[in-house]
Amino acid sequence: QVQLVESGGGLVPPGGSLRLSCAASGSIFTIYTMRWYRQAPGKQRELVARVTSGGSTNYADSVKGRFTISRDNAKNTVYLQMSNLKPDDTAVYYCNANVVPGDAWGSPREYWGQGTQVTVSS
């Protein structure tokens, strides 16, 4: 069984910063791409950023220059450093990863965390 657990969310004023973490645990053979999604009130879930196992990154236009995604493969952890936060960044942020479980005989699967709330007040 593989679990993803997010942490680091909270309430911040506009212009503030937060660092989100997502740690994968359980029976893991390898982790491919890791991603951060978010879902704001009244909106569909959207992809915020992703990072491949080789370190290549992509960002949504709305967060470019403000957010940075990174990963620590030794810790099976992905991070999202968020700076200059805006009220429109308010959302539940979800960690996502393509994982080959240790007992899956090479079949990758998508896993999701439970989400962490980020609220940017004004």
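Reading the values: the criteria
- Residues numbered from 1 in each chain as written.
- Predicted model: local features only at pLDDT ≥ 70, side-chain atom pairs only at ≥ 80, totals over all residues.
- Heavy atoms only, no water.
- Buried < 20%, exposed > 50% of the residue type's maximum accessible area, 1.4 Å probe, protein only.
- Helix = DSSP H or I, 4+ residues; strand = E, 2+ residues; numbered from the N terminus.
- Pairing = 2+ DSSP bridges.
- Phe/Tyr/Trp six-rings, centres within 6.5 Å; stacked < 30°, edge-to-face > 60°.
- Lys NZ or Arg CZ within 6 Å of the ring centre and 35° of its normal.
- Salt bridge = Lys/Arg side-chain N within 4 Å of Asp/Glu carboxyl O.

Engineer: Please clarify how the pairing of strand S11 (residues 116–120) should be interpreted in this entry.
Structural biologist: Two faces make up the sheet, and in a regular strand the side chains alternate between them. Burial along S11 is one-sided: Thr116, Val118 and Val120 are buried, and none of Gln117 and Thr119, which face the opposite way, are. Taken together, the 3 bridges between strand S2 (residues 10–12) and S11 define a ladder with parallel strand orientation. Residue pairing across strands places Val12 opposite Val120, the latter belonging to S11. One ladder, built from 3 bridges, connects strand S9 (residues 91–101) with S11; its direction is antiparallel.

Engineer: Teacher, can you tell me more about the packing of aromatic side chains here?
Structural biologist: The geometry of an aromatic ring pair is captured by two quantities: the separation of the ring centres and the angle between the planes. By the definition in use, this model includes 1 aromatic pair. Between Tyr37 and Trp112, the ring centres sit 4.9 Å apart and the planes meet at 50°, which makes this aromatic pair tilted. Residue Tyr37 is found in strand S4 (residues 28–39), and its partner Trp112 is found in strand S10 (residues 109–112); the two are separated by 75 residues along the sequence. By relative accessible area, Tyr37 is classed as buried at 17%. Looking at Trp112, the relative accessible area reads 33%, which means it is partly exposed. Lying over the aromatic face of Tyr79, Arg19 brings its terminal NZ or CZ to 4.4 Å of the ring centre. Lying over the aromatic face of Tyr94, Arg45 brings its terminal NZ or CZ to 3.8 Å of the ring centre.

Engineer: Sorry if this is basic, but what is going on with the pattern of salt bridges here?
Structural biologist: If the charged atoms of two oppositely charged side chains come close together, the side chains can form a pair. Evaluation of the coordinates by the stated rule reveals 4 salt bridges. Here Asp89 makes a salt bridge to Arg66, at a shortest N to O gap of 2.7 Å. Taken as a pair, Asp89 in the loop between strand S8 (77–82) and S9 and Arg66 in the loop between strand S6 (57–59) and strand S7 (67–72) lie far apart in primary sequence, 23 residues in all.

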